[in-house]
Number of protein chains: 2
Amino acid sequence: MLVNMTVNEFAEELASDSPAPGGGSVAAVSGTLGAGLVSMVCRLTIGKKKYEAVEELMTQTLSEVETHRQALGRLVDEDTDAFNQVMAGFKLPRDTDEQKAERGRAIQLAFKQAADVPFSVCRHCVAVLKLIDAIAGKANANALSDLGVAGEAAMTGLRGAAMNVRINLPAITDTDYTAEKNQQVRQLLDDAAMIKSRIDRIIEDGL
Amino acid sequence: MLVNMTVNEFAEELASDSPAPGGGSVAAVSGTLGAGLVSMVCRLTIGKKKYEAVEELMTQTLSEVETHRQALGRLVDEDTDAFNQVMAGFKLPRDTDEQKAERGRAIQLAFKQAADVPFSVCRHCVAVLKLIDAIAGKANANALSDLGVAGEAAMTGLRGAAMNVRINLPAITDTDYTAEKNQQVRQLLDDAAMIKSRIDRIIEDGL
């Protein structure tokens, strides 16, 4: 599993001439690291007398962001698996009409999975951005830049995963599916841009 | 070393209540993963008949981006080491005037290092963005989203590291140093914003 590689091995594997892992897995890694920083910031705030008033908010945020961190960690490998399934689909035999039909169905299914996985990454990253928005300006001020980096990393997770959804859509023949995904991704990007500019203002004011 | 932890362990360590590793190391990881994706995109372009005309550009880019990828990989640990040096400085004895002076010097030196390391991350990330700019629209079109994610990751590396430079400056008493670093970081962010918007246009057109 990719997440059981060291950071150095993962970067080496990325840099190789194999197309997987690629940008989809990097987007998920970015999301999981952003979520990890949010957890740290919550933990550096909880139990501090100065931040007593926000203790409940931090405890709640920590519990939620940990769910997203773990989900994003799983999606690192799921993205590469989904890509490999597409490649496997193309290698299926196509000698008979039956084989051709079966191959076509397998490829379509695999492409939908290859769009669904980064779409999940998008949703988790937007959830992380919302949690950052909820605690920005309230969490331990010593960890302000950590929260700022968390916002950048979650945004890279979202924008990177959105590219990976979109690049798979032209190959999918189910136009109801592609229209819906296109619209949903656009909505998530719009929502996130608003949230992110609020976060940026708070970080900028504090630096 | 952090880079010898698995991706999962690194995310767990981040999420802990220890302030290091924190955002500075995540910025460097983001930069090194972005650079890794650029290497992959170059390698997926080199040797392909369709991209013969850009073979030399890809080979040159690959060689340069690998230098930045490796430097950014080293900076992951250097950032956490620099942070720990600041903490160590604060723990030095301050019973005598001599100890107080020595402690003050150690802290100042450590804070400068804690700003210099993320400043290096900034510079390497801008260099990676310039390389992406040079190959965007020319590299293997099948890896378009990978190059797009590389741009996002390099930008997170830059912006995240810039926050880590800036958060350390108020503690530094050498005002020539802080004024220079402030100005240099602002310049890098401005340069990168222009480069990034060019990259975004090419990615958007291709998706």
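Before reading further, recall that the structure is shown in the block above.
Residues numbered from 1 in each chain as written. Chains lettered and ligands numbered in written order. Predicted model: local features only at pLDDT ≥ 70, side-chain atom pairs only at ≥ 80, totals over all residues. Heavy atoms only, no water.

(A) Fine view of the interface of chain A and chain B. Across the boundary between the two partners, chain A contributes 51 residues, which contact 51 residues of chain B. Across the chain A to chain B interface the summed buried area is about 4,400 Å²; carbon plus sulfur atoms make up 65%. By the criterion of area lost to chain B, the three top residues of chain A are Val7, Leu33 and Met163 of chain A, representing 15% of everything that side buries. Glutamate 152 of chain A is paired through a salt bridge with arginine 159 of chain B; the nearest N and O atoms lie 2.9 Å apart. The tally of links from chain A across to chain B stands at 21 residue pairs in polar contact (both at pLDDT 80 or more). With 14 residues, the top contributor of residues to the side of chain A that touches chain B is helix α5 (residues 144-168) of chain A. The residue makeup of the side of chain A that touches chain B, split by class, is 24 nonpolar, 15 polar and 12 charged. (Contact = heavy atoms within 4.5 Å. Buried area = accessible area lost by both parts, 1.4 Å probe. Salt bridge = Lys/Arg side-chain N within 4 Å of Asp/Glu carboxyl O. Polar contact = N/O pair within 3.5 Å; in protein donor to acceptor, adjacent residues only side chain to side chain. Helix = DSSP H or I, 4+ residues; strand = E, 2+ residues; numbered from the N terminus. Nonpolar A, V, L, I, M, F, W, Y, C, P; charged D, E, K, R; others polar.)

(B) Quick look at the side chain of threonine 178 of chain B. Within the secondary structure layout, threonine 178 of chain B lies in helix α6 (residues 175-206). Leaving out residues up to four positions away in the same chain, threonine 178 of chain B has contacts with Leu169 and Ile172 of chain B.

(C) Region of interest: the environment of aspartate 133 of chain B. All names here are of chain B. As for its placement among the helices and strands, aspartate 133 is situated in helix α4 (residues 97-135). In this structure aspartate 133 comes out as buried when scored by relative accessible area, which is 19%. Distance from aspartate 133 to lysine 196, taken between C-alpha atoms, is 7.8 Å for residues 63 residues apart in sequence. In terms of polar contacts, aspartate 133 uses its side chain to reach the side chain of arginine 198, at 2.6 Å. (Buried < 20%, exposed > 50% of the residue type's maximum accessible area, 1.4 Å probe, protein only.)

(D) Quick peek at empty space enclosed by the protein. Under the definition given, this model contains 2 cavities of 30 Å³ or more. Estimated volume of the largest cavity: approximately 60 Å³. Lining the largest cavity, in full, are Val26, Ser30, Leu33 and Ala153 of chain A together with Val26, Val29, Ser30, Leu33, Ala153 and Thr156 of chain B. When residues of the lining of the largest cavity are traced back to their parent elements, those giving at least two are α2 (23-45) of chain A together with α2 (23-43) and α5 (144-168) of chain B. Broken down by element, the lining of the largest cavity gets its largest block of residues, 4 residues, from α2 of chain B. Among the residues making up the lining of the largest cavity, the classes are represented as 7 nonpolar, 3 polar and no charged. For the second largest cavity, the calculated volume is near 40 Å³. Taken together, Val7, Phe10, Val29 and Leu33 of chain A together with Val7, Phe10, Val29 and Leu33 of chain B make up the lining of the second largest cavity. In terms of residue class, the lining of the second largest cavity is built from 8 nonpolar, no polar and no charged. (1 Å grid on protein atoms, 1.4 Å probe; cavity = no way out; pocket = protein on both sides within 12 Å on 5 of 7 lines; lining within 4 Å. Points joined across faces, edges and corners; volume = space filled by probe spheres on them.)

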